[in-house]
Amino acid sequence: MSPPDEALILGIESSCDETAAAVVRGGREALSSVVHSQIAEHAEWGGVVPEIAGRSHLRAIVPAIEEALTEANCHPQDLSGIAVTTRPGLLGSLLVGVTAAKSLAWAWQKPLIPVHHIEAHAYAALMSVDHWEFPYITLVVSGGHTSLFRTESPLAHALLGTTRDDAAGEALDKAAAMLNLGYPGGPAIQKAATDGDPKAYAFKRPMLGPNSLEFSFSGMKTAILYKLKGPGGRREEPTLPESQNLPGMAASFEAAVMDTLIRKCLRAAQQYNIPRILVGGGVACNQRLRVDMASAAEKNGVQAIFARAEHCTDNAVMIAGLGYAHLQQHETADLLLDVAAS
Ligand code: KG4
Ligand code: ZN
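Residues numbered from 1 in each chain as written. Chains lettered and ligands numbered in written order. Predicted model: local features only at pLDDT ≥ 70, side-chain atom pairs only at ≥ 80, totals over all residues. Heavy atoms only, no water.

Moving on: the overall build of the protein chain. Broken down by element type, the protein chain carries 10 helices and 10 strands. At 20 Å, the protein chain has a C-alpha radius of gyration in line with the 20 Å of a compact globule built from 342 residues. Burial analysis of the protein chain (342 residues in total) assigns 52% to the buried set. Contacts in the protein chain between residues far apart in sequence, at least 24 positions, make up 72% of those at least 6 positions apart. Of the roughly 15000 Å² of accessible surface on the protein chain, 52% is carried by carbon and sulfur atoms. (Helix = DSSP H or I, 4+ residues; strand = E, 2+ residues; numbered from the N terminus. Rg over C-alpha atoms; globule rule 2.2 N^0.38 Å. Buried < 20%, exposed > 50% of the residue type's maximum accessible area, 1.4 Å probe, protein only. Contact = heavy atoms within 4.5 Å. Areas by Shrake-Rupley, 256 points an atom, 1.4 Å probe, with all protein chains shown as cover.)

Have a look at this one:
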């Protein structure tokens, strides 16, 4: 028997540096969404420290779940299942969420539903569409991932291409660190770029051959490093010389990353003759990406669909939502459920 359309799923997410819990009705309607961000705890290190992340999840997980249930006015007996991210992510972090989910599933006698984090980012984009029209080309772009898929259903994604080195978000985070803009870099670069000229500095868009659907961002990272270190890498510390303009540099780098993403999405749409693109993941928050993708898609007769801004960075609404789709297919797990880094 399939779950009722009104089924309530509790979602739990702890794969990286956000402890999140949410209750979602029918795979669509978020009744609550609690996100405890660890950004402040990792900021002084310039990136996520796995040991700090695991301990912080441990402190935050129970209050986050309690808050999500209270906010949704939901009693444990109302739930049809408990969905949790099992992969990919930091093992010590994933284990906190999975252990909490197992304990509650056992105590409350509810189905335990394993969810793949990247598929959940794609589902977040599907949640912003009223009527699904499969297949889609899907771009999941975040701090850990940059991948293109051909999506046949919420549960079926065929990989078309991924990054050979850094994820787009990782490149933005590293460039922001070089520009002393702080962490996380994506929003910081967006802010610094607001009044900048995206043509102020030249950055190559790595296309990797005429038909490639793969990505590579490490060259762009080296390019900004050398722009900061001067010709031939003369300056010891990568700093922005006063003669150069920070908004222009931030805007040019941001535009190069977003342009590359847009071109690859349109290339995939054309190659597979699928005029619908879904975009999810933390970098999908980016304003330039949203605006430029919309206009480039329109010019090419393609529809670009973004996850809602609050569902782009890590959250548990997307976990509970995809959990509902799994439950409809009776895809549940027993208490031996394990986590995986990749
Ligand atoms: O999805 P997410 O929260 O975590 C992963 O699954 O990796 O994505 C985090 C990434 C970070 O690299 C962050 O810099 C980037 O998303 N990000 C942005 C923006 N907001 C977050 N990148 C560009 N523009 C933004 N507004
Ligand atoms: Zn994520």
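Still more to cover.
Moving on: the coordination of the zinc ion (ligand 2). Of the protein atoms, only H117 (NE2), H121 (NE2) and D314 (OD) coordinate the zinc ion (ligand 2), at distances of 2.0 to 2.1 Å. With four donor atoms in place around the zinc ion (ligand 2) and angles of 93 to 136° between them, the coordination shape is irregular. Exposure remark for H121: the relative accessible area of 0% places this residue in the buried category. (Donors = N, O, S within 2.8 Å, 3.2 Å for Na, K, Ca; no water. Tetrahedral: all angles 85-135°; square planar, octahedral: opposite > 155°, others 65-115°.)

Attention shifts here to the domain arrangement of the protein chain. We note that the domain assignment places domain 1 (8–122 + 314–328) and domain 2 (129–216 + 245–306) within the protein chain. On a C-alpha basis, the centroid separation for the pair domain 1 and domain 2 is 26 Å. Residue-level contacts link 17 residues of domain 1 with 16 residues of domain 2. Between domain 1 and domain 2, roughly 1300 Å² of surface is buried when both sides are summed, and carbon and sulfur atoms account for 70% of that area. It is R28, I118 and H121 in domain 1 that bury the most area against domain 2; as a group they hold 40% of the surface buried on that side. The tally of links from domain 1 across to domain 2 stands at zero salt bridges. Linking domain 1 with domain 2 are two residue pairs in polar contact (both at pLDDT 80 or more), by the criterion used here. Elements with a minimum of two residues in the side of domain 1 that touches domain 2: α1 (39–43), α4 (117–126) and α10 (317–328). Broken down by element, the residue count for the side of domain 1 that touches domain 2 peaks at five residues, all from α4. Partitioning the side of domain 1 that touches domain 2 into residue classes produces eight nonpolar, six polar and three charged. (Domains from an automatic or database assignment. Buried area = accessible area lost by both parts, 1.4 Å probe. Salt bridge = Lys/Arg side-chain N within 4 Å of Asp/Glu carboxyl O. Polar contact = N/O pair within 3.5 Å; in protein donor to acceptor, adjacent residues only side chain to side chain. Nonpolar A, V, L, I, M, F, W, Y, C, P; charged D, E, K, R; others polar.)

Now for the nonpolar core. Core analysis: the largest hydrophobic core is formed by 76 residues, its most contacted members being L148, I224, F253, V257, L261 and V279. Counting only domains with at least three residues in this core, you end up with domain 1 (8–122 + 314–328) and domain 2 (129–216 + 245–306). Ranked by size, the runner-up nonpolar core spans 26 residues in total, among them A21, A72, L79 and L104. (Core = buried A, V, L, I, M, F, W, Y, C linked by side-chain atoms within 4.5 Å.)

Right, let's talk about the side chain of D314 for a bit. Structurally, the position occupied by D314 is in the loop between β10 (303–306) and α10. Among the polar contacts listed, one links the side chain of D314 to the side chain of H117, at a separation of 3.1 Å. A polar contact is formed between the side chain of D314 and the side chain of H121, at a distance of 3.1 Å. When neighbours within four sequence positions are excluded, D314 is seen to be in contact with E13, S15, C16, E18, V35, H117 and H121.

Attention now goes to the environment of P63. Inspection of the secondary structure puts P63 in helix α2 (residues 50–71). Of the residues examined, P63 reaches a relative accessible area of 43% and is grouped as partly exposed. Sequence separation between P63 and H36 is 27 residues; the distance between their C-alpha atoms is 9.6 Å.

Using a probe with the size of a water molecule, rolled over the atoms, empty space left in the structure can be pinpointed. Here the largest pocket defines a volume of roughly 1000 Å³. Residue lining of the largest pocket: 39 residues in total, with C16, S142, G143, G144 and D173 positioned closest to the centre. Those elements that place two or more of their residues in the lining of the largest pocket are α4, α5 (168–178) and α6 (185–192). When residues in the lining of the largest pocket are grouped by element, the largest group, five residues, is from α5. Its residues placed into classes, the lining of the largest pocket shows 14 nonpolar, 18 polar and seven charged. (1 Å grid on protein atoms, 1.4 Å probe; cavity = no way out; pocket = protein on both sides within 12 Å on 5 of 7 lines; lining within 4 Å. Points joined across faces, edges and corners; volume = space filled by probe spheres on them.)

So, on to the site of ligand 1. Of all residues adjacent to ligand 1, which total 20 residues, the nearest are G143, D173, G186, Q190 and D314. Separating an oxygen atom of ligand 1 from a backbone N or O atom of G282 is a distance of 3.0 Å. Out of a free accessible area of 550 Å², ligand 1 has 90% covered by protein chains. Judged by the fraction of its atoms near the pocket grid, ligand 1 is located in the largest pocket. (Near = heavy atom within 4 Å. Sits in = over half its atoms within 2 Å of the grid points.)

For α5, the set of buried residues is A168, G169, A171, L172, A175, A176 and M178. The elements touched by buried residues of α5 are β6 (136–141), β7 (146–153), α6, α7 (218–229) and α8 (246–271). After α5 finishes, the residue N180 shows a positive phi value of roughly 60°.

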